[in-house]
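# Observations on chain architecture
Letter by letter, the chains look like this.
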Amino acid sequence: VWYWGLVKDQLLVDDAIEKGVAQALAGLPSNADDRAKVEAIYEHVIRSTRYVGLEFGIHGYKPYRTTDIYNRRFGDCKDKASLLKVMLGLVGIEAHLVLVRTRDQGRIGEQPASLSAFNHAIVYVPSLDLFMDGTAEHSGAFELPAGDQGASVVVIEDGKGASFRTIPYSTPDQNVEDFTLEVALAADGHADVDYAMLLTGADSAAWRSTLEAPDHRKEQITKLFGGLFPGTTVSSLATPGIDDRRAPVRVDVELRVPAWATPQDGALRWRTLGYEAALVRALAAQPTREHPLELGVPSREQRHIRYTLPRGYEFATLPTNVRIDSPFGHFELQVVRAGASASVETVYELRVPRVEPADYSEFREFLGEIDRALAQAFEAKPA
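Attention here is on the structure that accompanies the text. What you are looking at is a predicted structure, and each value in this text was computed from that prediction instead of being measured.

### Some remarks on the overall build of the protein
Within the protein one finds nine helices and 21 strands. The principal-axis extent of the C-alpha atoms belonging to the protein is close to 80 × 50 × 40 Å. Within the protein, the fraction of its 383 residues that count as buried is 48%. Long-range contacts, defined here as pairs at least 24 residues apart, represent 68% of the contacts in the protein between residues at least 6 apart. Carbon and sulfur atoms make up 48% of the accessible area of the protein, which totals about 18,300 Å².

### A word on the side chain of threonine 66
For threonine 66, the position within the fold is in helix α4 (residues 66-72). Of the residues examined, threonine 66 reaches a relative accessible area of 0% and is grouped as buried. Looking at threonine 66, its side chain comes within polar contact range of the main-chain oxygen of leucine 12, at 2.5 Å. Apart from the residues lying within four places of it in its own chain, the contact partners of threonine 66 are Gln10, Leu11, Leu12, Ile17, Ser82, Leu83 and Val86.

### Some points on the sheet that holds strand β12 (residues 262-264)
If you walk across this open sheet you meet the four strands as β12-β13-β21-β16, and the pairing is antiparallel. Whereas interior strands pair on both sides, the edge strands pair on one side only; in this sheet they are β12 and β16 (313-317). Neighbour to neighbour, the strand axes of the sheet diverge by 30° on average, direction disregarded. Where strand β13 (residues 267-271) lies against strand β21 (residues 377-382), four bridges are found, and the strand directions are antiparallel. When the bridges of β21 are listed, arginine 271 appears paired with alanine 377.

### Notes on the pattern of salt bridges
For the coordinates displayed, the defined rule picks out 22 salt bridges. In this structure, arginine 323 engages glutamate 332 in a salt bridge whose closest nitrogen and oxygen atoms are separated by 3.1 Å. What emerges from the salt-bridge pattern is a single network uniting Glu43, Arg47 and Arg245.

### Things to note about unusual backbone geometry
The residue aspartate 158 is not glycine, and still its phi comes out positive at about 50°. Using a relative accessible area of 25% as the deciding quantity, one classes aspartate 158 as partly exposed. For aspartate 265, which is not a glycine, the phi torsion comes out positive at approximately 55°.

### Here we look at the packing of aromatic side chains
Applying the stated criterion to the full structure yields 14 aromatic pairs. Judged by centre distance (5.3 Å) and plane angle (75°), the ring pair of phenylalanine 328 and phenylalanine 363 falls under edge-to-face. With phenylalanine 328 in the loop between β17 (322-326) and β18 (329-338) and phenylalanine 363 in helix α9 (residues 360-374), the pair connects residues that are 35 residues apart, well separated along the chain. Classification of phenylalanine 363 as buried rests on a relative accessible area of 0%. Every member of this aromatic cluster is reached through a ring pair, and the members are Phe229, Trp260, Trp270, Tyr275, Tyr307, Phe315 and Phe378. When the ring centre of tyrosine 64 is taken as origin, the NZ or CZ atom of arginine 72, which lies over that ring, is 4.4 Å away.

### Concerning the nonpolar core
Inside soluble globular proteins, nonpolar side chains tend to come together where they are buried. The biggest cluster of nonpolar side chains holds 56 residues, and the ones touching the most others in it are Trp260 and Trp270. With seven residues, α9 is the largest single contributor of residues to this core. The residues contacting tryptophan 260, other than those within four sequence positions of it, are Leu181, Val183, Leu185, Gly189, Ala191, Val193, Phe229, Trp270, Leu273, Gly274 and Tyr307. Counting residues in each nonpolar core, the second largest holds 36 residues, with Trp4, Val7, Leu88 and Leu130 among its members.

### Focus on the packing of helix α3 (residues 34-48) against helix α5 (residues 77-90)
For the pair α3 and α5, interaxial distance at closest approach is 10 Å and the crossing angle is 140°. For the element pair α3 / α5, the angle class is oblique. The interaxial crossing formed by α3 with α5 has right-handed handedness. Within the contact between the two elements, α3 uses Val38, Ile41, Tyr42, His44, Val45 and Ile46 and α5 uses Lys80, Leu83, Leu84, Met87 and Leu88. Residues of the contact of α3 with α5, tallied by class, amount to nine nonpolar, one polar and one charged.

### A look at the pairing of β13
In this sheet, β13 lies alongside β12 in antiparallel orientation, the contact comprising three bridges. Paired with proline 263 across the bridge in β13 is leucine 268. Linking β12 to β13, which pair antiparallel, is a turn of two residues; within it aspartate 265 sits at a positive phi near 55°.

Procedures and definitions
Residues numbered from 1 in each chain as written. Predicted model: local features only at pLDDT ≥ 70, side-chain atom pairs only at ≥ 80, totals over all residues. Heavy atoms only, no water. Helix = DSSP H or I, 4+ residues; strand = E, 2+ residues; numbered from the N terminus. Buried < 20%, exposed > 50% of the residue type's maximum accessible area, 1.4 Å probe, protein only. Contact = heavy atoms within 4.5 Å. Areas by Shrake-Rupley, 256 points an atom, 1.4 Å probe, with all protein chains shown as cover. Polar contact = N/O pair within 3.5 Å; in protein donor to acceptor, adjacent residues only side chain to side chain. Pairing = 2+ DSSP bridges. Axes fitted to C-alpha atoms, helices over the stretch in contact; angles between N-to-C directions. Salt bridge = Lys/Arg side-chain N within 4 Å of Asp/Glu carboxyl O. Phe/Tyr/Trp six-rings, centres within 6.5 Å; stacked < 30°, edge-to-face > 60°. Lys NZ or Arg CZ within 6 Å of the ring centre and 35° of its normal. Core = buried A, V, L, I, M, F, W, Y, C linked by side-chain atoms within 4.5 Å. Parallel < 35°, antiparallel > 145°, perpendicular 65-115°, else oblique. Left-handed = near helix turned anticlockwise from the far one by under 90°. Nonpolar A, V, L, I, M, F, W, Y, C, P; charged D, E, K, R; others polar.

Below is the structure:
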């Protein structure tokens, strides 16, 4: 109640804000639902205001007037949250200010001694059970940044009190990386690769940020693939819709990989994915832990790879199919041969955001099983 008393007189509406709401909704049909209206207003606030923090004195806690924020086109997190709140209110959508202690700051009890425990502010839309971050300039309205997920928050309920909550994590099916690769192998081990990625969810913002500057996109993609396949060159790159926060991130690339396979005694050998997976090294390198392991947002990675052999070659060895189910997630590998080509389908799903020390060794073994499955090799020989 105290915080509402501090901020309520800052939540003002004038002709400019009303005009901004009308502009935001101009492209929507007359029967648009609340979800579409929320997305349109979020987009308008993200595009029309930028993040700048001028947190002098009481304004470390108190937002500036929303009319001033909209007029000068910038504000900090609580300013932008306040602007979202009043603009949504103009179209009959209730929204509450939310004080956030971002996940990297650790968890707190339900009765914090002061507002200094909180370092961020966002909004909550009860009708959609939706938390939105007005400072996430590369995220869509329904892509809450990973740092907000799992965070301790206080929802300010407009003079009716406040509720202490923990923002829930999104689910793996909301954070999906889907890869499709056509890999044409040559007798010397190099491969020409058509690579397509479709990405939805919390990680989309990082990709939009990385690929924001058109002049640097090819450099960034070359660097990424060079880390997996040294010497890779990018012959073409397309990122359709990369500037649209409402669309999934899509990347289409044509690559020349100089050493996808290793020639040996006339045969070609390569790992299931073409590189070492190394999940244990990436996520659980330490043999034991004294503190919980924070994994971040639950996610799913799907791969669809089709290998085509050089003329005159045939498969001698194929990886065996594997399925692994665990409290931490799921993994599946399926390999199907069709003449001089073979298809690989993998699903790797992490379902938990955090692993407790008592469960760490079991989690590490889960990752190790996946590493061993993906370490299997293809072998092809001249027919």
